[in-house]
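Each chain, letter by letter, is given below.
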Amino acid sequence: MKHRIVIVGGGAGGIELATRLGKTLGRRNHATITLVDANLTHIWKPLFHEVAAGSLNPGVDELNYIAQAKWNHFHFQHGRMAGIDRTSKAIRLTAPSGSSWQEREIEYDTLVMAVGSHCNDFATPGVQQHCQFLDSRAQAERLHGVLLNRYMRSHASDTAHPLEIAIVGAGATGVELCAELQHAVRVIKGYGVKHACPSTLNITLLEAGPRVLPVLNEKASQAVHNGLNELGINVRVGTAVKEVTENGVVLADGETLNADLKIWAAGIKAPEFLKTLDGLETNRINQLNVKRTLQTTLDDSIFALGDCSSCPLDDTSGRFVPPRAQAANQQAALLCKNLERHLDGEPLLDFKYEDKGTLISLASFDTVGSLNGIFSGKVITRGLIAKTLYTSLYRLHQAALYGTPRMLLKALAEYLQRKTRPKLRLH
Ligand SMILES: Cc1cc2nc3c(=O)[nH]c(=O)nc-3n(C[C@H](O)[C@H](O)[C@H](O)COP(=O)(O)OP(=O)(O)OC[C@H]3O[C@@H](n4cnc5c(N)ncnc54)[C@H](O)[C@@H]3O)c2cc1C
């Protein structure tokens, strides 16, 4: 029987791995590759803030797993993984929301966990009940619906209803969302929607740490902070939230901020069910502990990559690979090689993270960040080069999924769509 490789999670890392393995081991008939995901389509997670603001239409940008599997010699199974039996080497799938089939099992010889992460509410009271999140496409679309509803309400009214938004967490998600929302209100104003203008949109960005975007060096972080201020966003660093209520957020010092819309974008945590995966080791935020070969510490036939894994950066520093799309992409590339070696009985290679730097998009206004390599230490802002470098991570992801010629065609199609459709999704 052919070796069975099962990958759970078709996000930034998992879909790339399934595609790469399908084109190599799958096409050569050396292994059966199966991708499992709780959704039927893939959208690259760093685009979710654009879905929420309406600048990206997910229906146009999504990739269908069934078609991708057919084109690239792997299989797709729709389902939500809920557990595992390591003795019989089988995972348990339940029906994703909206589906009604019964629980079923899929057997594996090698399993790869790539189920990503979601926001960490740090057990803050009221967050789950009163906040919006940006962890999934469904949540991003829900947020888009809420915003649109507010604008349509004010369009139908004779008086302006200012919209107070509190965004908690000044990482990439919170910062990019602030800028996208400011961009969206300007576009909506341009369409003549009554009372929609920057002065009726009050956004406060709250960050418990001493500065925005701690992944950036101090200079770049300050440049982002200034950019947000120029857009009229009220940035408050060193400000922890201790509770979220129906009407706003309560800060650690007792001050209350009123907010119609509360968006939680702080920290990350891997899914809860990983804590009970038949004895596999996890850390305090549920990530599976892996060795540098990406094998889980207690089971060599189970691998993990991306946000749901905790992989040492090296053998000495005690630091770990950060939860970022570029890390998931690099791990998928290494794991493709390692699984071929695994099948051939060769020793596995260690993962070496290459931090290419971080660029943050402030929507159409600016792109700020710092890069490694030839741009090392410089703060990059503005201009076509910054924008091109920012989109290059997504283009690399598309190239891994579609091949370079189709990626270029898709880039052209996106450009033409931008020229022929409304700038914002207003439905
Ligand atoms: C708004 C936003 C902006 C970001 N910007 C950047 C950026 O600019 N640069 C950067 O490097 N990173 C960025 N990130 C982080 C980046 O998106 C993640 O690090 C990356 O997506 C992690 O990839 P992954 O493959 O581990 O998981 P994901 O891409 O999250 O994929 C996980 C997949 O697993 C599936 N899944 C989950 N649970 C189950 C289950 N039980 N059963 C079956 N399937 C399951 C999900 O449906 C999903 O398809 C951003 C994140 C957000 C939210």
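Residues numbered from 1 in each chain as written. Predicted model: local features only at pLDDT ≥ 70, side-chain atom pairs only at ≥ 80, totals over all residues. Heavy atoms only, no water.

Enquirer: Any chance you could explain the site of the ligand here in plain terms?
Expert: What surrounds the ligand is a group of 29 residues, the closest being Gly13, Asp37, Met81, Asp307 and Ala325. The side chain of Asp37 places a nitrogen or oxygen atom 2.7 Å from an oxygen atom of the ligand. Asp307 is positioned such that a nitrogen or oxygen atom in its backbone is 2.9 Å from an oxygen atom of the ligand. Summarising the interface, the protein chains cover 89% of the accessible area of the ligand, which totals 1000 Å² for the free molecule. (Near = heavy atom within 4 Å. Polar contact = N/O pair within 3.5 Å; in protein donor to acceptor, adjacent residues only side chain to side chain. Areas by Shrake-Rupley, 256 points an atom, 1.4 Å probe, with all protein chains shown as cover.)

Enquirer: Can you help me understand the environment of Leu401 in this one?
Expert: Looking at the secondary structure, you find Leu401 in helix H10 (residues 383-402). Note: C-alpha distance between Leu401 and Asn72 (329 residues apart in sequence) is 9.1 Å. When neighbours within four sequence positions are excluded, Leu401 is seen to be in contact with Ile15, Glu16, Thr19, His42, Leu63, Gln68 and Asn72. (Helix = DSSP H or I, 4+ residues; strand = E, 2+ residues; numbered from the N terminus. Contact = heavy atoms within 4.5 Å.)

Enquirer: Sorry if this is basic, but what is going on with the side chain of Thr110 here?
Expert: You can see Thr110 is positioned in strand S9 (residues 110-113). Here Thr110 falls in the buried class, since its relative accessible area comes to 1%. There is a polar contact of 2.7 Å between the side chain of Thr110 and the side chain of His3. Excluding residues within four positions of it along the chain, Thr110 makes contact with His3, Arg4, Ile5, Val6, Ser301, Phe303, Leu339 and His342. (Buried < 20%, exposed > 50% of the residue type's maximum accessible area, 1.4 Å probe, protein only.)

Enquirer: For this particular structure, what's the right way to read the domain arrangement of the protein chain?
Expert: For an interface, size is often stated in terms of accessible area lost upon the parts coming together. Here the protein chain is described as being made up of domain 1 (3-117 + 270-344) and domain 2 (127-266). Here the C-alpha centre of domain 2 lies 31 Å away from the C-alpha centre of domain 1. Summed over both sides, the interface between domain 1 and domain 2 buries roughly 1200 Å², with carbon and sulfur atoms accounting for 64% of that surface. Across the contact surface, domain 1 and domain 2 share 1 salt bridge. The partner of Glu62 in a salt bridge is Arg137, with the nearest N and O atoms 2.2 Å apart. Here domain 1 and domain 2 share 5 residue pairs in polar contact (both at pLDDT 80 or more) between them. Contributions of two or more residues to the side of domain 1 that touches domain 2 are made by helix H2 (48-53) and helix H3 (58-61). With 6 residues, H2 is the largest single contributor of residues to the side of domain 1 that touches domain 2. Of the residues assigned to the side of domain 1 that touches domain 2, the class counts are 7 nonpolar, 5 polar and 3 charged. (Domains from an automatic or database assignment. Buried area = accessible area lost by both parts, 1.4 Å probe. Salt bridge = Lys/Arg side-chain N within 4 Å of Asp/Glu carboxyl O. Nonpolar A, V, L, I, M, F, W, Y, C, P; charged D, E, K, R; others polar.)

Enquirer: Help me understand the sheet that holds strand S21 (residues 295-296) in this model?
Expert: Hydrogen bonds between backbone groups are what pair the strands of a sheet, and the pairing can be parallel or antiparallel. Read from one edge of the open sheet, 6 strands run S5-S2-S1-S9-S22-S21, paired in mixed fashion. Where the open sheet ends on each side, the last strands, each with one partner, are strand S5 (75-78) and S21. Bridge count for strand S1 (residues 3-8) against S9 is 4 bridges, and the pairing is parallel. Considered in S9, the bridge of Ile7 is made with Val112. Against the sheet, helix H1 (residues 14-26) contacts S1, strand S2 (31-37) and S9, and its axis sits at roughly 160° relative to S2. (Pairing = 2+ DSSP bridges. Axes fitted to C-alpha atoms, helices over the stretch in contact; angles between N-to-C directions.)

Enquirer: How should the nonpolar core be read in this particular structure?
Expert: Grouped burial of nonpolar side chains is what soluble globular proteins tend to show. Within the largest apolar cluster, 54 residues are counted, with the highest numbers of intra-cluster contacts made by Ile91 and Met113. Among the elements that make up this core, the one with the highest residue count is helix H9 (residues 325-344) (6 residues). Not counting chain neighbours up to four residues away, the residues in contact with Met113 comprise Val8, Met81, Phe273, Leu274, Leu277, Leu288, Ile302, Phe303, Ala304, Leu305 and Cys308. Ranked by size, the runner-up nonpolar core spans 51 residues in total, among them Ala53, Leu134, Ile188 and Leu213. (Core = buried A, V, L, I, M, F, W, Y, C linked by side-chain atoms within 4.5 Å.)

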